[in-house]
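Now for the letters of each chain:
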Amino acid sequence: MSVLNSAQRNAVAELLRVSPVSDELGRRFAAAGHELHLVGGSVRDALLGRLGDDLDFCTGARPEQTLAVVKGWADAIWETGREFGTIGVQKDGLRIEITTFRAEAYNGVTRNPIVTYGDNLLDDLQRRDFTINAMAVSVPGHEFTDPYGGLRDLAAGRIRTPAAPSLSFGDDPLRMLRAARFASKLRFAVDEPVVAAMRDMATDLDRITAERIRDEFTKLLTGADPVAGLRLLVDTGLADRFLPELSGLKLEIDEHAQHKDVYEHTLIVVQNAIRLEGETGPDFTLRMAALMHDVGKPATKDVGRDGRVSFHHHEVVGARMTKQRMKAMRYPKDVISDVVELVALHLRFYGYGRGEWTDSAVRRYVTDAGPLLPRLHKLTRSDVTTRNRRKAAQLAADYDALEERIDRIAAAEDLARVRPDLDGNAIMELLGVPPGPIVGQAWKFLKDLRLERGPLNRDEAEAELMKWARDQNLS
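As the structure is a computational prediction, the values presented were derived from the model and not from experiment.

Rules used throughout
- Residues numbered from 1 in each chain as written.
- Predicted model: local features only at pLDDT ≥ 70, side-chain atom pairs only at ≥ 80, totals over all residues.
- Heavy atoms only, no water.
- Axes fitted to C-alpha atoms, helices over the stretch in contact; angles between N-to-C directions.
- Helix = DSSP H or I, 4+ residues; strand = E, 2+ residues; numbered from the N terminus.
- Parallel < 35°, antiparallel > 145°, perpendicular 65-115°, else oblique.
- Contact = heavy atoms within 4.5 Å.
- Nonpolar A, V, L, I, M, F, W, Y, C, P; charged D, E, K, R; others polar.
- Buried < 20%, exposed > 50% of the residue type's maximum accessible area, 1.4 Å probe, protein only.
- Pairing = 2+ DSSP bridges.
- Core = buried A, V, L, I, M, F, W, Y, C linked by side-chain atoms within 4.5 Å.

Trainee: Outline the packing of helix α11 (residues 210-221) against helix α12 (residues 226-236), supporting the account with residue identities and numerical values.
Mentor: Two numbers describe how α11 lies on α12: the axes approach to 8 Å, and their chain directions differ by 135°. It follows that α11 is oblique to α12 by the angle criterion. Taken together, the residues of α12 that come into contact with α11 (itself represented by F217, L220 and L221) are P226, G229, L230 and L233. Here the residues of the contact of α11 with α12 are counted per class, giving six nonpolar, one polar and no charged.

This is how it looks when you write it as structure tokens:
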């Protein structure tokens, strides 16, 4: 999009022309005396050739009037966003949101937007976050509206605000975080006046709920270039408002002195993890674990008598810090659990190359990782950022050897489903005890034994159980 011409301006109209649903909906609104426009991200994505099945429209109709227009036409209707002026519709496989012209602002006290309805398209576009999202195409007329140069900014790969950045961010401080998100998603540069306003107004982000921040941050981290977005968060001070551990990494030099600081190392690890995702990405859990894997280093830094820096048990401290931060950001418990476990396990591999790992250690590695093992493989490999090529090659070879060894043992023992050689019923029968804590203790003993020695036959397992029971004074 290096040249702005009429063909580009007609791109959205052409897409709408072959989309009968949009024009049909537009005609229904026109018949009811209301205008309707495809707007915002839908126009942006259409111009980028990325228009999907989710379409956003704006209208002068109030929500109750919109409902009257779409009833009897839509395949499904939802009103969950009605208090914000939005009615949702499904039609022929398309998900459509229709929002009344509005002005959104914060009063500096409440943490949710105050919605008031507007009465014209231009005012509605002015209150939108960025110029690239402040374009509209009318339906069914296909008239292109771009009062703030969004098409030019789209061509330049630039993020600007329609109004002065301070006014835009004053209306909704979350837009500062959204700027970083679009830098990640679209690989666009953020205009310097916008960056300056983000820096000056970073503390205003405190007025936004944790849930809204979480959702924007998740989109940033799963974008095409999250490192660009992360750098912007740190450089403007926004990260300090909800993820201070990230900025804190800039204070620490890593123990190998191979990078400027742990912060730079962490960003490289994130990039490495993205490269290892393959076609299944983006993987938020893996990326978040890569981002947080070393956050425990500042608290565990120690300088020895020889001047060498160490961070003993930083994975343990880091796992605890990760759990606390992700809880504060209101992530679901299962997501927190997976990320925390990866942070806790990310150093387990080191030492394998020295020949110290027994088959028992390999079994425990696999069992402790459980279903996270594929992600742990990727995280561990991503953490190798040394510039020493020979050392990097040796670590890669060591991990190749570990994965091959895991495959050999897994093929023989089905490591994914390691269980004791005796189940609970057999334990109760042999020990003559009812269900209760003793059965659980015996089960754990047998599982640990299974991990240590591999599969046992029935007689061996029974003999070990009875020996354990005698040691526990149970027989």
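Trainee: Run through the pairing of strand β1 (residues 36-39), naming residues and quoting values.
Mentor: In β1, alternate side chains face the same way, and those of L36 and L38 on one face and H37 and V39 on the other are all buried. Sheet analysis places β1 next to strand β2 (residues 54-59), joined by three bridges and oriented antiparallel. Along β2, the bridge assignment pairs L36 with T59. In terms of strand pairing, β1 meets strand β8 (residues 136-138) through three bridges, oriented antiparallel. Across the sheet, V39 pairs through a bridge with A136, a residue of β8.

Trainee: Now, about the sheet that holds β1: what can you tell me, with residues and values included?
Mentor: With mixed pairing, the seven strands of this open sheet are ordered in space as β3-β4-β5-β2-β1-β8-β9. Strands with a single pairing partner mark the edges of an open sheet, and in this sheet they are β3 (76-78) and β9 (144-145). In terms of strand pairing, β3 meets strand β4 (residues 86-91) through three bridges, oriented antiparallel. Within β4, the residue paired with A76 across the bridge is Q90.

Trainee: So what's going on with the nonpolar core? Which residues, and what values?
Mentor: Counting 103 residues, the largest nonpolar core has I96, F217 and L233 as the members making the most contacts within it. Here the element with the most residues in this core is helix α9 (residues 174-186); it accounts for eight residues. If sequence neighbours within four positions are ignored, L233 has contacts with L177, A180, F217, L220, L238, A239 and F242. Residues L422, V433, V439 and A469 belong to the second largest nonpolar core, which totals 14 residues.

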